[in-house]
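Chain by chain, the residues run as shown.
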Amino acid sequence: MRMMNGRELLIAGIDFREEYPIVCYQSARMKEPELLPLDFKGQQGKAACFLKILSALKRFGKKEDIRTVIVLPDLEEESIRQFEQEACEAGFVREQLQVISEAESLVHFVMHQSNDIWQHRVCLLEFGVDEVRAQMLEVSRRTTPMLVQTAEPEYWYVGNMLDGGRDEQLAQMAETCFKGKPVSAVFLTGTDFDAREYKKSREVICAHRRVFLAEQVYARGACMVAGIQGAKPTYLFLNEQTLLYNMGIRCRRGSQEQAHMLVSAGENWYDVQEWREMILLGEPVLEFVFQPMMGGKELRFGMQLTDLPVRPERTTRLLIEIHFSGPRQCEVKVSDLGFGELYPASDLYWLESFSLEEEEEYDGTGDDLPGQTCKDAAADGADGTWTL
């Protein structure tokens, strides 16, 4: 049973890759997501679709208990923000929403199956009128958590049934795709895979592997994402939207220098909206550290707070806000909050953009940044406070 603060969650997965969405939902008492049958014809715009979805969901639970994951084909920042805005206009709350790619949704759908399903590679075949879209997934068990990766989808032109040759074409394409590493399972969607029409391809696809007919794969996968929020991950999905660096800020705790974690690797870049209040204890220079999760050289970048008012030590509060404009582009805003009535805020702020693909990055060391020090404002007065 999925709970949050003692309340039962109602989760929804919305596959919005086409003009009209496909919606699945799952309450705390349901074992698996189920299709929410809705007719969107006649609805004008995405906001109207979201309004209809929200109205339907409220029949099964309270609005404040709903958690929604939306699957989009385009994860450009503008597209993401547009969908979020229209969902909020329909009555959803921003904190209730999460946006993921179709590949990520597929990963969660597969990884919630039994272990034998993803023992080797897994393939999803989506049947269209004259082509089949093939998406391959593979799990590496050598790491903790396990790493899951997807290959770029392939599009197989197989023709239609009326023209003939579709079965033979599909058999040939599948045989080529499945060569090399073994495939332990195949999921089929958009077809009943009738034995009379797909005799040869059935022999190839079903040979020595498990095959399933599956519908609403992406909406169901989105439900599974919503259901694991806050849980310790047993697997990590890496794709072009994934942050591959742990981001921290250089700090001192007692006499030791460390990197205080701000953003964890493995998150989708567009989900990161982090902030911290810190107290400056030294020079107006901050150093941000990016540690690659897959190994390699650590990146360091310095940020000079030019023209910051001179105040006694421990009397400057800073607000550090972090977001990403892409998987390799970090945006940082630092604002001067002053220190109460004694030292009012100056209304100054500083912006910096860090490219994680730069070859000549800032290489900060302790000697480069003399005495720059902050502590977490929330921990003021506590023993062993962080200093940056």
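Please refer to the structure higher up on the page.
Remember, predicted model here, so these are calculated numbers, not experimental data.

## Considerations on helix α1 (residues 46-57)
For α1, spanning twelve residues, the distance from its first C-alpha to its last is 16 Å, which sits close to the expected 16 Å at 1.5 Å a residue. Along α1, the residues classified as buried are Cys49, Phe50, Ile53, Leu54, Ala56 and Leu57. Down the axis, α1 shows its buried residues gathered within 160° of arc, on one side only.

## Regarding the sheet that holds strand β7 (residues 97-101)
If you walk across this open sheet you meet the five strands as β5-β4-β3-β6-β7, and the pairing is mixed. Since the sheet does not close on itself, it has two edges, and those belong to β5 (34-35) and β7, each with one partner. Bridging between strand β4 (residues 22-26) and β5 involves two bridges; their strand directions are antiparallel. Following the sheet pairing, Cys24 is matched in β5 by Leu35. Packed onto the sheet, α1 meets β3 (10-15), β4 and β6 (66-72) and runs at close to 150° relative to β3. In the packing of helix α3 (residues 102-111) onto the sheet, contacts are made with β6 and β7, and the angle to β7 comes to roughly 95°.

## A word on the packing of aromatic side chains
Tallied over the full model, the rule gives 15 aromatic pairs. Geometrically, the ring pair formed by Phe16 and Phe50 is tilted, given 5.4 Å between the ring centres and 55° between the ring planes. With Phe16 in the loop between β3 and β4 and Phe50 in helix α1, the pair connects residues that are 34 residues apart, well separated along the chain. Pair check on accessibility: Phe16 and Phe50 agree, each one buried.

## Some words on unusual backbone geometry
For the peptide bond that leads from Thr144 to Pro145, omega is -5°, which places it in the cis range. With respect to the secondary-structure elements, Pro145 resides in the loop between β9 (131-140) and β10 (146-150). Despite not being glycine, Asp307 shows a phi value in the positive range, around 65°. Residue position: Asp307 is located in the loop between β19 (299-304) and β20 (316-326).

## Focus: the side chain of Asp336
Within the secondary structure layout, Asp336 lies in strand β21 (residues 329-338). When its relative accessible area of 3% is taken as the criterion, Asp336 is described as buried. At 2.8 Å, the side chain of Asp336 forms a polar contact with the side chain of Arg311. When sequence neighbours within four positions are dropped, the list of residues in contact with Asp336 reads Leu308, Pro309, Arg311, Thr316, Arg317, Leu318, Ala345, Ser346, Asp347, Leu348 and Trp350.

## Looking at the nonpolar core
Among the nonpolar cores identified, the biggest contains 88 residues, and Phe50, Met247, Leu286, Phe288, Phe290, Phe324 and Val332 are the most heavily contacted of them. Of the residues forming this core, the biggest block, eight residues, is contributed by helix α6 (residues 217-227). Setting aside residues no more than four positions away along its own chain, Val332 makes contact with Met247, Phe288, Met303, Ile320, Glu321, Ile322, Trp350, Leu351, Glu352 and Phe354. Membership of the second largest hydrophobic core comes to 18 residues, among which are Ala134, Met136, Cys177 and Tyr198.

## Some words on the pattern of salt bridges
This model, assessed by the stated rule, comprises 18 salt bridges. Here Glu77 makes a salt bridge to Arg81, at a shortest N to O gap of 3.9 Å. Here the residue Glu77 and the residue Arg81 both occupy positions in helix α2 (residues 77-89), the gap between them amounting to four residues, near one helical turn. In this structure Glu77 comes out as partly exposed when scored by relative accessible area, which is 26%. Classification of Arg81 by relative accessible area gives partly exposed; the value is 25%. Put simply, Glu84 and Arg94 hold a salt bridge, and the shortest N to O gap is 2.8 Å.

The rules we used
Residues numbered from 1 in each chain as written. Predicted model: local features only at pLDDT ≥ 70, side-chain atom pairs only at ≥ 80, totals over all residues. Heavy atoms only, no water. Helix = DSSP H or I, 4+ residues; strand = E, 2+ residues; numbered from the N terminus. Expected span 1.5 Å × (residues − 1). Buried < 20%, exposed > 50% of the residue type's maximum accessible area, 1.4 Å probe, protein only. Arc of directions from axis to C-beta. Pairing = 2+ DSSP bridges. Contact = heavy atoms within 4.5 Å. Axes fitted to C-alpha atoms, helices over the stretch in contact; angles between N-to-C directions. Phe/Tyr/Trp six-rings, centres within 6.5 Å; stacked < 30°, edge-to-face > 60°. Polar contact = N/O pair within 3.5 Å; in protein donor to acceptor, adjacent residues only side chain to side chain. Core = buried A, V, L, I, M, F, W, Y, C linked by side-chain atoms within 4.5 Å. Salt bridge = Lys/Arg side-chain N within 4 Å of Asp/Glu carboxyl O.

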